[in-house]
Amino acid sequence: MNILLVDDESYVIDYLLAAVDWEEAGIEEVFYAYSALEALGILDEKNIDIVLTDVKMPGMSGLELIRRLNGKKIKCIVLSGHADFEYAQQAMKHQAVNYLLKPARSDDVLNEVKQVVSAIRSEWHEIASVHNAMKSLREHEPLLRQNLIRGLLRGQIPEEGSLQDKTAQLGLALSSGEECRLLVIRQDGEFQKFGDSLELADFAIDNIVSELLSEQFVFATSKDELGNRVYIVKPFTNDKEEDVKASSLEHTGEMLVEKVSDYLQGSISLVIGRAGVYPGDLATMYEAALRQLRLNVRATGGLWIDNIGNDYAADNYIAPLEQLYATPSLLHLLEGGHWDRCEHKIQSIMRDMEQRDQVTAGHLLEAYHSLANAFFYMIHKSGRQPEQLLGDSIYRLELSEKAASLSTLSSWAFRTYGIVREALEARESDDRSLIIDKVHRYVDVHFKDDISLQTLADHVFLHPAYLSSIYKECTGEGVTHYIFRRKMEHAAELLRHSARKINNIAEDVGYQNTSYFIRVFKKYYACTPQKYREQ
């Protein structure tokens, strides 16, 4: 904190500089001026918190200096040799903190400055506290609004006074006892315009809804725990004859579904809930709207109006998902590496649900868990962890984001299948590479031995026929041909770089009969071992 001393008498400035313990007073730096005009120049350049000024000075007086500081957050102390009440009164009117008489003792000045420093700190603490609180409120307002509305949708209603305070604080134009409706919106699948960014799509949808509702309705919005966007809607005028302007709201819903399809290249499911009273009826209105969403999970989305009496009959028969459990199961196909059949299996499961008269959220949940179990089993079987392939988000994403609709479930299933297939194929390729590498190393070490396909199969713990098959598939040549080729190559290397006799070289590569060795060598290199050495 800094102070500026202003007095036309230099000895007063010198005395104050020397006699007052400014550090004890809480002052970091002391500036001084011998006139009010000089003081104004310092005030323009330096960060000054306190001005201690004489009143009577040539030119501009101390009182005029104080007037110039009016409106700035600078505290002033008047120091004067004139014990005149009128001077003190004028000084106080222009924000001066106190009035000290000359000659002022150093202790008096010290105590006065201490009080001013303390007052300044208290003011700034209060300002900072209010500022931080307002800043925190603004930053967390969306979350606070969301939590309040989520609680209301669950039937958690604060006391009337508390609810009014919270709604006013968060800018929600809702009052108890007013009639309202709910709009519940679910994203059905990916949006071409935004790819897999659900947040961008949600923001764009919210902008469209706000534009369509703002002319006729007051509304508050939040996202529920299932990822749906929920709007509490009431008209500007409480006209109950139109049942909260139901016809206008339905028209708005039709426009919304159409505009999302046209401009965002995606589909949504929109339920316009039955009318009720805010806030007491919100929980039952919300549950009824969710039932409508759960009963309508097709990929194409659409608009549904929830009216009393149209709930789905509890005794209606819901057919099971036959294709999901038909043999062979997806798990068996994944284990066998039958990739084309795996894809066909997933397609048949989705087609089974698409072609049903009634497909519910329960069906989607059942299919999701069955598919996820198969995928996770294969991921673990490959020695990996799900988050390594699918990311940590699998532990944070709500189930509704994967199985909110048939479209999102289908998109998730095929995307996850592709990732799992790629991982399994890579692992299988790695396993085969390891097997082939073990075969090669065994052959290179055992040239002298009678190496057979059975010997190699035993070494890598595989059936001879399977080893022969994967070796041919991966390398393009048979195992026995590789053994023969490596024997010939090793023999040729010995002929080029050693003086060993041909019969010894034949033994080194596993041929006890030298004549037979010469014959097979000549067939492979089109010349005898001796001729090869001479060349």
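What you see is a predicted model; the values in this text were computed from it and never measured. (Residues numbered from 1 in each chain as written. Predicted model: local features only at pLDDT ≥ 70, side-chain atom pairs only at ≥ 80, totals over all residues. Heavy atoms only, no water.)

Quick look at the packing of aromatic side chains now. With the rule as written, the count across this model stands at 13 aromatic pairs. Relative to Tyr516, the ring of Tyr511 lies with its centre 5.8 Å away and its plane at 45°, an arrangement referred to as tilted. Ring centres of Tyr511 and Phe517 lie 5.8 Å apart, and the angle between their planes is 45°; this geometry places the pair in the tilted category. Given the relative accessible area of 12%, Tyr511 is considered buried. Judged by its relative accessible area of 1%, Phe517 falls in the buried class. (Phe/Tyr/Trp six-rings, centres within 6.5 Å; stacked < 30°, edge-to-face > 60°. Buried < 20%, exposed > 50% of the residue type's maximum accessible area, 1.4 Å probe, protein only.)

With that settled, the discussion passes to helix H22 (residues 514-525). Structurally, the α-helix is built with 3.6 residues per turn, so residues lying three or four positions apart point the same way. With 12 residues, H22 should reach 16 Å at 1.5 Å per residue; the first-to-last C-alpha distance of 16 Å fits that figure. Residues of H22 that are buried: Phe517, Val520 and Phe521. Taken end-on, H22 shows its buried residues confined to a sector of 105°, consistent with a single buried face. Residues of H22 that are exposed and point over 90 degrees away from its buried face: Arg519 and Lys523. Against helix H20 (479-497), helix H21 (502-508) and helix H23 (529-534) lie the buried residues of H22. (Helix = DSSP H or I, 4+ residues; strand = E, 2+ residues; numbered from the N terminus. Expected span 1.5 Å × (residues − 1). Arc of directions from axis to C-beta. Contact = heavy atoms within 4.5 Å.)

As a further point, take the pattern of salt bridges. A side chain of one charge can pair with a side chain of the opposite charge when the charged atoms of the two come close. Using the criterion set out here, one finds 20 salt bridges in the structure. Of the charged contacts in the structure, one is a salt bridge between Arg68 and Glu64, with a shortest N-O distance of 3.5 Å. You can see Arg68 and its partner Glu64 sitting in helix H4 (residues 62-68), four residues apart, about one turn around the helix. Given a relative accessible area of 47%, Arg68 falls into the partly exposed group. Taking the shortest distance from any N to any O, the salt bridge between Lys75 and Glu123 comes out at 2.7 Å. Linking Lys75 in strand E4 (residues 75-80) with Glu123 in helix H6 (residues 106-153), this pair joins segments that are 48 residues apart in sequence. When its relative accessible area of 22% is taken as the criterion, Lys75 is described as partly exposed. Residue Glu123 is classed as partly exposed on the basis of its relative accessible area, which comes to 36%. Three or more residues are tied together by salt bridges with common partners; here these are Asp444, Glu477, Arg485, Arg486 and Glu489. (Salt bridge = Lys/Arg side-chain N within 4 Å of Asp/Glu carboxyl O.)

Running from N to C, helix H17 (residues 406-445) and H20 point in directions that differ by 40°, and their axes come no closer than 10 Å. As the angle between them shows, H17 and H20 are arranged oblique. Between H17 and H20 lies a crossing whose hand is right-handed. Only Tyr482, Ile483 and Arg486 of H20 make contact with H17, whose side of the interface consists of His440, Val443 and Asp444. When its residues are assigned to classes, the contact of H17 with H20 shows three nonpolar, one polar and two charged. (Axes fitted to C-alpha atoms, helices over the stretch in contact; angles between N-to-C directions. Parallel < 35°, antiparallel > 145°, perpendicular 65-115°, else oblique. Left-handed = near helix turned anticlockwise from the far one by under 90°. Nonpolar A, V, L, I, M, F, W, Y, C, P; charged D, E, K, R; others polar.)

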